[in-house]
Amino acid sequence: MSAILPGATIGILGGGQLGRMVAMAARSLGYRIQVMDPDPSCPARFVVDACFEGGWDDARAAADLARGCDVVTLEIEQISIASLEAAAKFAPVRPSAELLHVIQNRIRQKDWLRERGFPLGAWHAARSAQDLEDAVAQLGGRCFVKSAHGGYDGRSQVKIGFGDDTTAGDAWILLGRQPCVVEKALDLDREISVMVARSPCGETRSFPSATNHHERQILAWSVIPSLISAEVETRAQKLACEIADSFTLEGLLAVEMFLTADGDLLVNELAPRPHNSYHASERACVTSQFEQDVRAVCDLPLGDVSVVQPAAIANLLGDLWLDHPPHFDRALAVPGVRVHLYEKHQPRQGRKMGHLSAVGHTPEEAVERVLEAEALL
Ligand code: ADP
Ligand code: MG
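Residues numbered from 1 in each chain as written. Chains lettered and ligands numbered in written order. Predicted model: local features only at pLDDT ≥ 70, side-chain atom pairs only at ≥ 80, totals over all residues. Heavy atoms only, no water.

## Examining the site of ligand 1
In the neighbourhood of ligand 1, 19 residues make up the surrounding shell, with Lys-146, Gly-154, Glu-191, Asn-268 and Glu-269 lying closest. Within the side chain of Arg-106, a nitrogen or oxygen atom sits 3.0 Å from an oxygen atom of ligand 1. In this structure, a nitrogen atom belonging to ligand 1 sits 3.0 Å away from a main-chain N or O atom of Lys-184. Within the complex, 92% of the 540 Å² of free accessible area of ligand 1 lies under protein. The set of elements that each furnish at least two residues to the shell around ligand 1 consists of β6 (143–147), β8 (180–184), β9 (188–198), β13 (251–260) and β14 (265–271). (Near = heavy atom within 4 Å. Polar contact = N/O pair within 3.5 Å; in protein donor to acceptor, adjacent residues only side chain to side chain. Areas by Shrake-Rupley, 256 points an atom, 1.4 Å probe, with all protein chains shown as cover. Helix = DSSP H or I, 4+ residues; strand = E, 2+ residues; numbered from the N terminus.)

Structure representation (structure tokens):
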């Protein structure tokens, strides 16, 4: 297998902020980039050579994208298998349709992990209202119910037992009467993630873990290196690399993990693409997740992932725009802070519009600075 060198064209299925930031890293390396997205003015639009309009299940648009590409990758896991196969007729698709097939359904993903002995919290699949009711009864107490298909940033999820009187029957209807997973709500010490890159020639590198703080099931802030012990870090690294190897991954795989109050390290979910919790890698690590993605899918040598300085990010949701445009000038006065915006023209509640990043002498200081800057907006 030979490397796909700068000057070649990379196709990205999806043109959101993740595709945009991969495209920017790819441009710096001298690649040409085209994306496919349902929205012709998607965030990647402004930094790519061509944008093909097409939905996640538009196999013809995926083929049109791939026709002019040397390799195709993706920034969202919900691309249909038919689209991935259509693209694969013209260029290698990395990660593969097989891996996507496992990951894009929460039931299949959890079954895959369980069959291979990877640690998960207690859960049940539910394919009917009765299943869901039985699952909630068996798990007892508080539960998260999540649609098997689709869903991100806590969407397509219903919580049961959190103070309101939502029942299993309500959850079944709210989620559209579709197959779902029912998870026991875990008592969390922390949430962490590990990003692994693997290239077609088999080289693998995993970034130091990120510690992630969620609010209302959306990532609020994230920091690298992580606020965990060396012992947990070693366990997390081993877990993430074993999962990537079991898939013979080509590209990136983010492994979201729960560290429970009892000290168990469990897999939450997998994402075969750049991940929000690694945006800080642009400033914390020698190589960012975006450049690493390009290197991995082009079968180039993978970059050094060591930490050069602690860095944190805080997400900027559309809510911040509701009263007045954010005071970015004030945030930028905080030492070590940068503003990253995705050129989304319509702020909406819960929509990720951009993020702030901050470096610090310690991870704690990086978090403090990024939150201080956010408060000034
Ligand atoms: P998404 O695809 O929206 O990221 P996740 O399954 O990662 O969905 O859930 C989002 C967040 O909700 C998690 O990062 C965590 O903070 C919380 N959460 C989800 N499932 C559980 C659970 N079983 N126990 C405790 N917290 C959970
Ligand atoms: Mg998640």
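## Some thoughts on the packing of aromatic side chains
Going through the model one piece at a time under the given rule, you end up with five aromatic pairs. An angle of 0 degrees between the planes, with centres 3.9 Å apart, marks the rings of Trp-112 and Phe-247 as stacked. Here the residue Trp-112 occupies a position in helix α5 (residues 106–115), and Phe-247 occupies one in the loop between α8 (230–246) and β13, the gap between them amounting to 135 residues. A single burial state applies to Trp-112 and to Phe-247, both of which are buried. Ring plane angle 75 degrees and centroid distance 5.6 Å describe the contact between Phe-144 and Phe-162, whose orientation is recorded as edge-to-face. Pair noted here: Phe-144 is in strand β6 and Phe-162 is in the loop between β7 (157–160) and α7 (168–174), with a separation of 18 residues, a long-range link. (Phe/Tyr/Trp six-rings, centres within 6.5 Å; stacked < 30°, edge-to-face > 60°. Buried < 20%, exposed > 50% of the residue type's maximum accessible area, 1.4 Å probe, protein only.)

## Re the coordination of the magnesium ion (ligand 2)
Note on the magnesium ion (ligand 2): its protein donors are Glu-256 (OE), Glu-256 (OE) and Glu-269 (OE). The metal-donor distances range over 1.9 to 2.7 Å. In this pair, Glu-256 sits in strand β13 while Glu-269 sits in strand β14, placing the two residues 13 residues apart along the sequence. A relative accessible area of 13% places Glu-256 in the buried class. (Donors = N, O, S within 2.8 Å, 3.2 Å for Na, K, Ca; no water.)

## Observations concerning empty space enclosed by the protein
Taken as a whole, this structure holds one cavity of 30 Å³ or more when the rule is applied. Lys-110, Gly-121, Ala-122, Trp-123, Glu-183, Lys-184, Leu-186, Phe-258, Val-267 and Asn-268 are the residues that line the largest cavity. Among the residues forming the lining of the largest cavity, the class breakdown is five nonpolar, two polar and three charged. (1 Å grid on protein atoms, 1.4 Å probe; cavity = no way out; pocket = protein on both sides within 12 Å on 5 of 7 lines; lining within 4 Å. Points joined across faces, edges and corners; volume = space filled by probe spheres on them. Nonpolar A, V, L, I, M, F, W, Y, C, P; charged D, E, K, R; others polar.)

## Describing the sheet that holds strand β2 (residues 32–37)
Strand-to-strand pairing in sheets goes through backbone hydrogen bonds, with the strands running parallel or antiparallel. Overall, parallel pairing links the four strands, which are arranged β3-β2-β1-β4 in an open sheet. Both edges of this open sheet fall to β3 (50–53) and β4 (71–74), since each of them pairs with a single strand only. Strand-to-strand twist across the sheet, computed as the mean angle between neighbouring axes with direction ignored, equals 25 degrees. Two elements, strand β1 (residues 9–13) and β2, share five bridges in a ladder whose sense is parallel. (Pairing = 2+ DSSP bridges. Axes fitted to C-alpha atoms, helices over the stretch in contact; angles between N-to-C directions.)

## Describing the nonpolar core
Leu-13, Ile-243, Phe-247, Leu-253, Met-257 and Leu-270 are the most contacted members of the largest nonpolar core, which totals 46 residues. Counting residues per element, this core draws most heavily on α8, which supplies six residues. The residues touching Leu-253, leaving out its near neighbours within four places in the chain, are Ile-103, Val-194, Met-195, Val-196, Ile-243, Ala-244, Phe-247, Leu-270, Ala-271 and Pro-272. Met-21, Ala-25, Val-35 and Val-71 belong to the second-largest nonpolar core, a separate cluster that totals 23 residues. (Core = buried A, V, L, I, M, F, W, Y, C linked by side-chain atoms within 4.5 Å. Contact = heavy atoms within 4.5 Å.)

## Thoughts on the sheet that holds β8
What the four strands build is an open sheet, ordered β5-β8-β6-β7; its pairing is antiparallel. The sheet is open, and its two borders are formed by β5 (123–126) and β7, each paired with just one other strand. Going across the sheet, the axis of each strand differs from the next one's by a mean of 20 degrees, ignoring polarity. Pairing of β6 with β8 involves five bridges; the strand directions are antiparallel. Its bridge partner being in β8, Cys-143 is matched across the sheet by Lys-184.

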